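Structure assessment
Single-letter residue listing:
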Amino acid sequence: MPGQPAPETPQSAFRLNQRILSVVIFNFASYLTIGLPLAVLPGYVHDVMGYSAFWAGLVISLQYLSTLLSRPHAGRYADLWGPKKVVVFGLCGCLLSGVCYALAALSYSWPLISLALLCIGRLALGIGQSFAGTGSTLWGVGVVGSAHIGRVISWNGVCTYGAMALGAPLGALIYHLGGILLLAAVIVLITLTAVLLALPRPAVKGSKGKPLPFRAVLGKIWPFGLLLAMASAGFGVIATFITLFYQAKGWPGAAFSLTLFSLAFVGARLLFPNSINRHGGLRVAIICFSVEALGLFIVWLSFTPWLANLGALLTGAGFSLVFPALGVVAVKAVPAQNQGSALATFTAFMDLALGITGPVAGFIMSYAGVPVIYLLSGLLVCLALLMTWRMQQRQPTDTQ
């Protein structure tokens, strides 16, 4: 694979992005199957099926737990089988989730069976997403070369959050038109189409060589995963608690703040696609941590909605490139035959951080108020900034 990218022209950049998108579009399909039922299933389980809020939350959470637990396996099998087979396997898992939703709708008269089928579908979706997401990134890297891994990860993220943003309102509309059964049919159609499009595409050759054991891979990438987890806390408190922050202040417009946050996240990835290749992963991460921390501190100190909006925008822009910037360094820290395991394990740090941030921040809020979580998360990002700076000082020639 090429080591360094050639000087880029607008035409070559367009062709490069086109080749990347032709593969990461399968991750878009997998995340669309996550977004479609996200705004529908909690209400369906609680209001239609008559189960408690605990069971409604559990049905949603099972997918995240399944994703977290299956990440390392997705990476390992991507290294063993090749990314194309892993993507197809993951898409089949997403398809199975749609089948389970349909069976749950058809067995509505047997509530326990219906609930069990929904739970199985969520578990299948979590496994499917971890395999499809990890595989599509590695497939993209195989198509365009490891020199462009930062750009591949960035486009994968754009597909991820674009699909989530599109899926939630689209899923609510589909549910309104035809209920869970129609929603399940749409999910099956999307994933079946994605599988049929993926099968004829050429696979990329895997790297030869004996893979490192998981413990060795974890030992090489955990410092970068820890930095990602710290940054993810800032992402989590904005995405999860900004609505409560606005309520505590007595302000309207929390939804607009979330929109700015999301637009900044996607916009930064679109505006700076080659920054990691030019400046190196650690240097870009330092800038990102600085911007994210500034945004969180502004939210903490805000006394008007426009300041909170500015803070949310800066937080989204800062966090946007943290994952690809650190991911490039993490993946290149292991041999080529372990890149799948490295990427999946690295991603699991973000999954775990987002899972922990909610309950921990909620506990702190109950004693110290809502604003303090933005102060603490900002300080955590500053610690990540300091650790990254020290790491970069030890690697003065970092170009990854």
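Shown above is the structure to which this text applies.
Below is a summary of the structure that appears in this document. Counting restarts for each chain, with residues numbered from 1 along the sequence as it is written. Reporting in this predicted model follows two pLDDT cut-offs: at least 70 for local features of residues, and 80 or more for side-chain atom pairs to be given and counted; totals over whole chains, interfaces and linings ignore these cut-offs and use all residues. Here the side-chain values reflect all heavy atoms present in the structure, with hydrogen atoms and water set aside.

1. A short note on the overall build of the protein chain
Counting from the N terminus, the helices are DSSP H or I runs at least four residues long and the strands are E runs at least two residues long. If you tally the helices and strands in the protein chain, you get 14 helices and zero strands. Its helices and strands taken in sequence order, the protein chain reads α-α-α-α-α-α-α-α-α-α-α-α-α-α from the N to the C terminus. What the globule rule says is 2.2 Å times the number of residues to the power 0.38, and the radius of gyration is computed from C-alpha atoms. Against the 2.2 N^0.38 benchmark of 21 Å for 400 residues, the protein chain shows a C-alpha radius of gyration of 21 Å, consistent with a compact globule. For the protein chain, the spread of C-alpha atoms along the three principal axes comes to 65 × 55 × 40 Å. Out of the 400 residues belonging to the protein chain, those deemed buried represent 53%. Restricting to contacts in the protein chain with at least 6 residues of sequence separation, those with at least 24 account for 85%. Summed over its atoms, the accessible surface of the protein chain is roughly 17200 Å², and 72% of this surface lies on carbon and sulfur atoms. Within the protein chain, the 6 negative side-chain charges are centred at a point lying 10 Å from the centre of the 21 positive side-chain charges. Working definition: with a 1.4 Å probe on protein chains only, accessible area under 20% of the residue-type maximum means buried, over 50% means exposed, and in between means partly exposed. Note on contacts: a residue pair qualifies if any of its non-hydrogen atoms lie within 4.5 Å across the two residues. To measure how exposed things are, a 1.4 Å probe is used in the Shrake-Rupley method; for residues, cover is taken only from the protein chains shown. When charges are counted, neither His nor the chain ends are considered; positive counts come from Lys and Arg and negative counts from Asp and Glu. To locate a charge, take atom NZ for lysine, CZ for arginine, CG for aspartate or CD for glutamate.

2. Side note on the side chain of Gln129
Inspection of the secondary structure puts Gln129 in helix 5 (residues 111-144). Polar contact criterion, stated in full: a pair of N or O atoms within 3.5 Å, where within protein one must be able to donate a hydrogen and the other to accept it, and residues adjacent in sequence count only if both atoms are side-chain atoms. Polar contacts involving the side chain of Gln129 include one to the side chain of Tyr31, which spans 3.3 Å.

3. Comments concerning the pattern of salt bridges
Think of a salt bridge as a Lys or Arg side-chain nitrogen and an Asp or Glu carboxyl oxygen that are within 4 Å of each other. This structure, assessed with the given rule, holds one salt bridge. The salt bridge partner of Arg71 is Asp351, with a shortest N-O separation of 2.7 Å. On the criterion of sequence distance, the pair formed by Arg71 in helix 3 (residues 53-81) and Asp351 in helix 13 (residues 339-368) is long-range, its members being 280 residues apart. The exposure class of Arg71 is buried, given its relative accessible area of 5%.

4. Some remarks on the packing of aromatic side chains
Put simply, two rings from Phe, Tyr or Trp (the six-membered ring, in Trp's case) pair if the centres are within 6.5 Å, and we call them stacked under 30 degrees between planes, edge-to-face over 60, tilted for the rest. Evaluation of the coordinates by the stated rule reveals 16 aromatic pairs. Where Phe26 meets Trp139, the ring centres are 5.7 Å apart and the plane angle is 15°; that geometry is what we call stacked. Separated by 113 residues along the polypeptide, Phe26 in helix 1 (residues 10-38) and Trp139 in helix 5 bring together distant segments of the chain. Both residues of the pair, Phe26 and Trp139, belong to the buried class. On the basis of an interplanar angle of 25° and a centroid distance of 4.9 Å, the ring pair of Phe235 and Phe319 is categorised as stacked. Taken together, the positions of Phe235 in helix 7 (residues 214-249) and Phe319 in helix 11 (residues 305-320) put the pair 84 residues apart, joining distant regions of the chain. An aromatic cluster is built from Tyr77, Trp81, Phe89 and Phe131, whose rings are joined through pairwise contacts. The criterion for a charge sitting over a ring is simple: Lys NZ or Arg CZ within 6 Å of the ring centre, and within 35 degrees of the ring normal. Over the ring of Tyr77 we find Arg76, and its NZ or CZ is 4.7 Å from the ring centre.

5. A short note on the state of the cysteines
Any pair of cysteine sulfurs within 2.5 Å is marked as a disulfide. Counted under the stated rule, the structure contains zero disulfides. Cysteine Cys119 remains unbridged, with the sulfur of Cys100 as its closest cysteine sulfur at 10 Å. Of all cysteine sulfurs, the one in Cys94 lies closest to Cys159, which takes part in no disulfide; the gap is 14 Å. The exposure class assigned to Cys159 is buried, which follows from its relative accessible area of 7%.

6. Description of the nonpolar core
Ranked by size, the top nonpolar core spans 70 residues in total, and within it Phe245, Phe289, Val322, Leu326, Phe346, Ile373 and Tyr374 carry the most contacts. Looking at this core, the element that brings in the most residues is helix 7, giving 14 residues. What Phe346 contacts, discounting residues up to four positions off in sequence, is Ile221, Phe224, Gly225, Leu228, Phe323, Leu326, Gly327 and Ala330. Residues Ile34, Val40, Ile174 and Ala184 belong to the second largest nonpolar core, which totals 29 residues. By nonpolar core we mean a set of buried residues, namely Ala, Val, Leu, Ile, Met, Phe, Trp, Tyr and Cys, connected to one another through side-chain atoms within 4.5 Å.

7. Brief notes about the side chain of Arg122
Within the fold, Arg122 resides in helix 5. Although buried, Arg122 forms no salt bridge, and the nearest oppositely charged side chain, Asp351, lies 12 Å from it. In this structure, Arg122 is in contact with Pro37, Leu41, Val59, Ile60, Leu62, Gln63 and Tyr101, ignoring residues within four places of it in sequence.

8. Some words on the environment of Leu199
Mapped onto the elements of the fold, Leu199 is located in the loop between helix 6 (149-198) and helix 7. Of the residues examined, Leu199 reaches a relative accessible area of 45% and is grouped as partly exposed. Not counting residues up to four positions away in its chain, the partners in contact with Leu199 are Lys84 and Val88.

9. Considering the packing of helix 5 against helix 6
The axes used here are C-alpha line fits, helices contributing only the stretch in contact, and every angle between their N-to-C directions lies in the interval 0 to 180 degrees. Close contact between helix 5 and helix 6 brings their axes to 9 Å; oriented N to C, the two are set at 140°. Judged by the inter-axis angle, helix 5 sits oblique to helix 6. When you trace helix 5 past helix 6, the crossing you get is right-handed. Here Gly133, Ser136, Thr137, Trp139, Gly140, Val141 and Val144 of helix 5 lie close against helix 6, whose contacting residues are Ile149, Val152, Ile153, Asn156 and Ala198. For this classification, the nonpolar set comprises Ala, Val, Leu, Ile, Met, Phe, Trp, Tyr, Cys and Pro, the charged set comprises Asp, Glu, Lys and Arg, and every other residue, Gly included, is treated as polar. In terms of residue class, the contact of helix 5 with helix 6 is built from seven nonpolar, five polar and no charged. Throughout this description, any angle smaller than 35 degrees is read as roughly parallel, any larger than 145 degrees as roughly antiparallel, any in the 65 to 115 degree range as roughly perpendicular, and the remainder as oblique. A clockwise turn of the near helix away from the far one marks a right-handed crossing, whereas an anticlockwise turn of less than a right angle marks a left-handed crossing.

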